[in-house]
Structure formats: C-alpha cells, structure tokens
Amino acid sequence: MDSVFSAIGGEPTFDKLVGGFYEQVKDDDILGPMYPEDDMDGAHDRLKWFLMQYWGGPQHFSENRGHPRLRMRHARFPVDRAAALRWLELMENSLDRIDEETIPPAYRHMIWDHMQRVAGMLVNRPD
C-alpha cells in the first residue's frame, strides 16, 4: 500500500498546500504577527517537512529538527481558539485550491481530520 504522501503526488503537493497557506498568513491579522518576516521560508519548510513526514514521506523534519514535540514548539505562541480556527480556515482555503484529482476526497478527509486534531491540541491560551 502506498503512503498518503506518495498517493497524492509527494513533495510538490505538500509544497503547494503549505505555500498556499503561507501566502495568506503574511497579511493575516491573527496569525501574521506570530511569524517573523525574516523566517517565512523557514516556517514554510518546517511545516512542509512535518506534514510530509507525518503522511509517509521523507524524514526531513526529524533529520533537521528532531522529534516534532508540537505542543512544546508552539508554547511560546499565543494560540487561543481564534488562532486555531484561523489556522484551520487558511489551511482549508489552501487545501481547497488543490484539485480532487491530486488529493481525492478520501485523502482530503484524512488530512483535514488530522489538521483539526492538531489545531485543537495546540490551543494553549483560554478564550
């Protein structure tokens, strides 16, 4: 059985997904301030590496950053419910730009379910 990574086109698909997300982050009033302007390329790479690794692709994240430890890595950012919902909104916008031939509905559902769980897990501030 192929990995999700392979089944949906590998790195180019994840690059498009993450690129579409970060295009929106730059001007976003909630998420934009959390990202240093001089590290947008680094943030793009780290998210892409994480998603590719999670879905069965190369282990670039672990090789470059170690264990994901997502809650620890995001603890310094004020992630409240509004931030988590905005992250999901921008990610969904990006996911919606990728055609169903590239990411068929069953895979899209799996990816979206994972994103919703991760966004909820990273909330670290009360409303």
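Residues numbered from 1 in each chain as written. Predicted model: local features only at pLDDT ≥ 70, side-chain atom pairs only at ≥ 80, totals over all residues. Heavy atoms only, no water.

The name an unreviewed UniProt entry gives the chain is Hemoglobin-like protein, with Corynebacterium camporealensis as the organism.

1. Side note on the packing of aromatic side chains
A complete count under the given rule lists six aromatic pairs for this structure. When the ring of F5 is compared with that of F14, the centres are 5.8 Å apart and the planes differ by 20°; the resulting orientation is stacked. Assigned by exposure class, F5 and F14 land together as buried. Each ring, one from F21 and one from Y22, has its centre 4.9 Å from the other, and the planes form 80°; the classification is edge-to-face. Per residue, the accessibility class of F21 equals that of Y22, and both read buried. Members of the aromatic cluster, connected to one another through ring pairs, are F21, Y22, Y35 and W87. (Phe/Tyr/Trp six-rings, centres within 6.5 Å; stacked < 30°, edge-to-face > 60°. Buried < 20%, exposed > 50% of the residue type's maximum accessible area, 1.4 Å probe, protein only.)

2. Considerations on the packing of helix α2 (residues 11–25) against helix α3 (residues 40–54)
One way to put it is that α2 packs onto α3 with a least axis distance of 9 Å and a crossing angle of 140°. Put simply, α2 runs oblique to α3. Relative to α3, α2 is oriented so that their crossing is right-handed. Across from E11, F14, D15, L17, V18, G19, F21, Y22 and V25 in α2, the residues of α3 making contact are M40, A43, H44, L47, K48, L51 and M52. Tallied by class, the residues present in the contact of α2 with α3 amount to 11 nonpolar, two polar and three charged. (Axes fitted to C-alpha atoms, helices over the stretch in contact; angles between N-to-C directions. Helix = DSSP H or I, 4+ residues; strand = E, 2+ residues; numbered from the N terminus. Parallel < 35°, antiparallel > 145°, perpendicular 65-115°, else oblique. Left-handed = near helix turned anticlockwise from the far one by under 90°. Contact = heavy atoms within 4.5 Å. Nonpolar A, V, L, I, M, F, W, Y, C, P; charged D, E, K, R; others polar.)

3. As for α2
With 15 residues, α2 should cover 21 Å at 1.5 Å per step; its first-to-last C-alpha distance of 21 Å lies within 8% of that length. By the burial criterion, the buried members of α2 are T13, F14, L17, V18, G19, G20, F21, Y22, Q24 and V25. Buried-residue contacts for α2 involve α1 (4–7), α3, α6 (81–96) and α7 (105–121). (Expected span 1.5 Å × (residues − 1).)

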